[in-house]
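Chain and residue survey
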Amino acid sequence: MMNKYKAINRRKSNRIYVGNVPIGNNAPISVQSMTNTKTTDIQDTINQIDQLKRVGVDIIRISIPTKEAAEAFKIIKKKTNIPLIADIHFDYRLAIKSIQYGADCLRINPGNIGKKRKINEIVSCAKDNNIPIRIGINSGSLEHDILKKYKSPLPEALVESAIRSIEHFDSLNFHQFKVSVKASDVFSAVKANKILAKKITQPIHIGITESGSIRNGTVKSSIGIASLLSEGIGDTLRVSLAAHPIEEVKVGYDILKVLGIRFRGINFIACPTCSRQEFDVIKVVKDLEKKLEDIETSMDVSIIGCVVNGLGEAKMANLGVTGGYKKSGLYQDGIRQKNKLNNKDIVRELEIYIRKKSSELKNKNDN
Ligand code: SF4
């Protein structure tokens, strides 16, 4: 359908790779998430990785809080092909182990690793194994001296902490890294990233940390992440939600989709419903979203409960439904089809049409 998006000029940054996923220097903005199973429950973690892959995650982060978790990570890494980031706090030895066990990247918060010597060992091991590191600065775990200087985790404090680590990495002649400065307060996170973006050339990982429940967290994350992306800041992102991690990936793609930056899967256009609706729009959209979350092809599908707005939306979508009495109208590429959909069986029938259309579009894009 017509391209209605205004191009965003992205900030220039260096290129790094997490496994085979490029980050920075105009690479597609990658969508990350993090498993929330016990890493030592190997099968649970692998199952969650598979669920995340189904919804299109590019990179997955896994917590390594103990030696046992590092041993489990070694096995998990062998059983999956998606790039994995080992998330390390406090204990530099776990970072070294995770690299040796095949991590594609490390996420550390240098502020809680402690002495420079320990950071140096991590960096040296990352260099030897040719993997990148994310310097992950978080408002909840700033270095004591920086917190003392600023009295609270102000955006400037987050940036100072990041710059301190960046200078340290530079002094070790290590350049394969990306940086994040995260805060749970949207304005602080946005401001910190804006300041940081002017000072560095490394890729920036963006997100609003601990943003909250699915509703609250989605609102905060969308506002924060979209403010940054629309100014060209952000090379990779994670939406942090107190929800199942697949929701983080879905919201991440939705933000990118709305901004016209990266497209994956179906963009459902649906009316808010009222007493005119001829079928249960809310349930139909919910069921289809769930059934079709594996679809990668970008397409617009409008599901509208009656003729008031149905026709107008259907004309602009790849597939459109306009609610009618007992049977609803179907449009493909804006053209009304002879076949109608039975309202009683609308989810099943529509799923077939959507899958068919998705294959057609995929073939067209591949040729
Ligand atoms: Fe109601 Fe029809 Fe508008 Fe949907 S499109 S909200 S059913 S009037």
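Conventions used here
Residues numbered from 1 in each chain as written. Predicted model: local features only at pLDDT ≥ 70, side-chain atom pairs only at ≥ 80, totals over all residues. Heavy atoms only, no water. Near = heavy atom within 4 Å. Nonpolar A, V, L, I, M, F, W, Y, C, P; charged D, E, K, R; others polar. Helix = DSSP H or I, 4+ residues; strand = E, 2+ residues; numbered from the N terminus. Polar contact = N/O pair within 3.5 Å; in protein donor to acceptor, adjacent residues only side chain to side chain. Contact = heavy atoms within 4.5 Å. Buried < 20%, exposed > 50% of the residue type's maximum accessible area, 1.4 Å probe, protein only. Domains from an automatic or database assignment. Buried area = accessible area lost by both parts, 1.4 Å probe. Salt bridge = Lys/Arg side-chain N within 4 Å of Asp/Glu carboxyl O.

Side note on the site of the ligand
- Every residue lining the ligand is accounted for by Cys271, Thr273, Cys274, Arg276, Gln277, Ile304, Gly305, Cys306, Val308 and Asn309.
- For the shell around the ligand, the class distribution of residues is five nonpolar, four polar and one charged.

What about the side chain of Thr80?
- Topologically, Thr80 is positioned in the loop between α2 (67-78) and β5 (84-88).
- Within the local environment of Thr80, its side chain forms a polar contact with the backbone nitrogen of Ile82, the two atoms lying 3.5 Å apart.
- Once residues lying within four places of it in the same chain are set aside, the contact partners of Thr80 are Ile49 and Lys53.

Structural notes on helix α3 (residues 92-100)
- Those residues of α3 that sit buried are Tyr92, Leu94, Ala95, Ile96, Ser98 and Ile99.
- Packed against the buried residues of α3 are α2, β5, β6 (105-108), α4 (110-113) and α5 (116-128).
- Two or three places before Arg93, at the opening of α3, Asp91 has a side-chain oxygen 2.9 Å from that residue's backbone nitrogen.
- Trailing α3 by a residue or two, Gly102 shows a phi angle of about 105°, which is positive.

Notes on the domain arrangement of the protein
- Splitting the protein by domain gives domain 1 (16-258) and domain 2 (266-366).
- Using C-alpha coordinates to define each centre, domain 1 is positioned 37 Å away from domain 2.
- Taken together, the contacts link five residues of domain 1 with six residues of domain 2.
- Roughly 420 Å² of surface becomes buried between domain 1 and domain 2 when both sides are summed, with 38% attributable to carbon and sulfur atoms.
- In terms of surface lost to domain 2, no three residues of domain 1 exceed Arg54, Lys250 and Lys257, which account for 83% of the buried area on that side.
- Close ionic contact of Lys250 with Glu293 constitutes a salt bridge, the shortest N to O distance being 2.9 Å.
- For the pair domain 1 and domain 2, the number of links is three residue pairs in polar contact (both at pLDDT 80 or more).
- When the residues that make up the side of domain 1 that touches domain 2 are grouped by side-chain class, the tally is two nonpolar, no polar and three charged.

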